[in-house]
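Residues per chain, in single letters:
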Amino acid sequence: MPPGITTLAADAPELSAANTGFMLICSAMVMLMTPGLAFFYGGMVRVKSTLNMLMMSFISLGIVTILWVLYGFSLAFGADIGSVIGWSSDYVGLGGIGVTELWGGYTIPVYVFAVFQLMFAVLTPALISGALADRVKFTAWALFIALWVTVVYFPVAHWVWAEGGWLFDLGVIDFAGGTAVHINAGAAALGVILVIGKRVGFKKDPMRPHSLPLVMLGAGLLWFGWFGFNAGSWLGNDDGVGAVMFVNTQVATAAAMLAWLAYEKLRHGSFTTLGAASGAVAGLVAITPSGGSVSPLGAIAVGAIAGVLCAMAVGLKYKLGYDDSLDVVGVHLVGGVVGSLLVGFFATGGVQSDAKGLFYGGGLEQLGKQAVGVFAVLAYSLIVSAVLAFAIDKTMGMRVDEDVEVAGIDQVEHAETGYDFSGAGGGSASRTAVHAPGRTDTAGAGPKTKKVDA
């Protein structure tokens, strides 16, 4: 939600050591989400793609950090230009900012706000990578990140969170990134995969997660870091709003995990670890835009609804024929849309702002505003991301060769492998995986026990 719907005080604020320290901790927690995402995605791919998946997240830490310092912060949070983009020369290179200069209306330095927002900018393109597993050139992916954050993420962040941004001024509520992060990344993922096409063997070969412990580790790191992501987005800890968001983050995530598992049990007959991890992430996504507007009971509803709808949505790729490798569309796009729209139903008017949803006597006004924000970001990101992927594909090529994809992208792109089985006495052919129904590339994947395609 930064820079905020309301200011913390009517008088000119003074630097708060407590809030500054709190926000630095939150920034570090959000940074940890990118390695957490790398493990989450890395465990879900096959052995031969593990390192590439890890690197697709980690490279964002390098590229986006430099671009954010050079011009990204200025584009996203500089002085408004036409309600669509920002620019402030003092923010270019972060060279014109005073050490104790405060972010407008708040009690934290501009540098602290800038680094907190940097971590959001790093994470968002990394989310896209899960949809593209196994088949994208690493150099093409690096170029895509640089272009995408410049022409999609930075402008959308301005629309949603900067004073003067057109969605901000419209009154769209997005506490911590339902539109700017999750819908943005999910729509981009859909746009890119429609351009680059399916993996070799999609819907034919088993493409099961190679390491569910890694997936659970990644989900745990994401859950932990998300407290900084969400509670920190109030940019201070003076009025209790951040505390409500912290509570709602835990509550919605728990509800979504339980709802996903219940759906999975009814639909497929099993409670899977992958379902637990995926349900938790769906809840985290959905509460991100709405957690500052709803009560804890509302957070249970948001999480439960998102858990079921996202669990249902991940199977759409088999019916519609798009290859979203790790269900970025099903979890992040759908979860972001659900969480953003539910603000229009469950907003109490008593937490971050006085905006009320339909169930609290507010009518359809806020729901209409939320819908404008959802579909504006979705359409812009989908179209521009597809254009960028098409341009890269026609110039340097977006996909690796088919033989590289079949043999394994790790060895060719990175000259490494994720695991060394040379001393394991049996090699990769002896490894087995148990079929886990209900999620990522398990439907129709054949017998319940089968040799892993390494």
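Notes on the structure follow. Here the structure is a predicted model, which means the values were calculated and not measured.

### A look at helix α7 (residues 212–231)
The end-to-end C-alpha distance of α7 is 29 Å, a good match for the 28 Å that 20 residues give at a rise of 1.5 Å each. Of all the bends in α7, the greatest, near 30°, is centred on G225.

### A few points about the packing of aromatic side chains
Using the criterion set out here, one finds 26 aromatic pairs in the structure. Both rings, one in F202 and one in Y318, keep their centres 6.0 Å apart while their planes meet at 10°; by these two values the pair is stacked. Taken as a pair, F202 in the loop between α6 (178–196) and α7 and Y318 in helix α11 (residues 316–320) lie far apart in primary sequence, 116 residues in all. Neither residue differs from the other here; F202 and Y318 are each classed as buried. Taken together through their ring pairs, the aromatic side chains of W68, Y71, F73, F77, Y91, W103, F113, W148, Y153 and F154 make up a single cluster.

### Looking at the packing of helix α9 (residues 273–290) against helix α12 (residues 328–346)
Running from amino to carboxyl end, α9 crosses α12 at an angle of 35°, the nearest separation of the two axes being 7 Å. As α9 runs across α12, the sense of the crossing is right-handed. Contact residues: V281, A282, V285, A286, P289 and S290 in α9; V331, H332, G335, G336, G339, S340 and V343 in α12. Taken together, the residues of the contact of α9 with α12 break down into 7 nonpolar, 6 polar and no charged.

### Focus on the pattern of salt bridges
Evaluated as defined, the whole model comprises 6 salt bridges. With a shortest N-O distance of 3.0 Å, K317 and D327 are connected by a salt bridge. Of this pair, K317 sits in helix α11 while D327 sits in the loop between α11 and α12, placing them 10 residues apart in sequence. A single burial state applies to K317 and to D327, both of which are buried. Because the salt bridges share partners, they merge into one network encompassing R46, D134, R199 and D323.

### Some thoughts on the environment of T100
Structurally, the position occupied by T100 is in the loop between β2 (85–86) and α3 (110–128). The class of T100 is exposed, set by a relative accessible area of 59%. Between the C-alpha atoms of T100 and V110, which are 10 residues apart in sequence, the distance is 7.8 Å.

### Quick word on the nonpolar core
Membership of the largest hydrophobic core comes to 113 residues, with the highest contact counts inside it found for F40, F73 and L132. At 15 residues, the largest contribution of residues to this core is made by helix α4 (residues 138–161). Each residue touching F40, except ones within four places of it in the same chain, is listed here: L214, V215, G218, A219, L222, A277 and V281. In terms of nonpolar packing, the next biggest core, distinct from the first, is built from 10 residues, A286, V302, A306 and V338 among them.

Rules of the game
- Once a new chain begins, its residue numbering starts again from 1 and follows that chain's sequence as written.
- For this predicted model, a pLDDT threshold of at least 70 governs which residues receive local features, and a threshold of 80 or more governs which side-chain atom pairs are given and counted, while totals over whole chains, interfaces and linings are taken from all residues.
- To get the side-chain values, all heavy atoms of the structure are used, and hydrogens and water are removed first.
- Numbering of helices and strands runs from the N terminus, with a helix taken as a DSSP run of H or I at least four residues long and a strand as a DSSP run of E at least two residues long.
- Given the number of residues in a helix, its expected span is that number minus one, multiplied by 1.5 Å.
- Bend at a given residue is defined as the angle between two axes, one fitted to the seven residues that end at that position and one fitted to the seven that begin there.
- The aromatic pairing rule takes the rings of Phe, Tyr and Trp, using the six-membered ring of Trp, and pairs them if the centres are within 6.5 Å, calling planes under 30 degrees apart stacked, those over 60 edge-to-face and the rest tilted.
- Per-residue accessibility, obtained with a 1.4 Å probe over protein chains only, is compared with the maximum for each type, and a residue is labelled buried under 20%, exposed over 50%, and partly exposed between these values.
- Structural elements are reduced to axes, namely lines fitted to C-alpha atoms, with helices fitted over the stretch in contact, and the angle between N-to-C directions of any two is expressed from 0 to 180 degrees.
- If you view the pair so one helix is near and one far, a crossing is left-handed when the near helix is turned anticlockwise from the far one by less than a right angle, and right-handed when it is turned clockwise.
- In what follows, residue pairs with any heavy atoms lying within 4.5 Å of each other are defined as contacts.
- Three categories are distinguished: nonpolar for Ala, Val, Leu, Ile, Met, Phe, Trp, Tyr, Cys and Pro, charged for Asp, Glu, Lys and Arg, and polar for the others, with Gly belonging to the last.
- By definition here, a salt bridge exists when the distance from a side-chain nitrogen of Lys or Arg to a carboxyl oxygen of Asp or Glu is within 4 Å.
- Side-chain atoms within 4.5 Å link the members of a nonpolar core, which is a set of buried Ala, Val, Leu, Ile, Met, Phe, Trp, Tyr and Cys residues.

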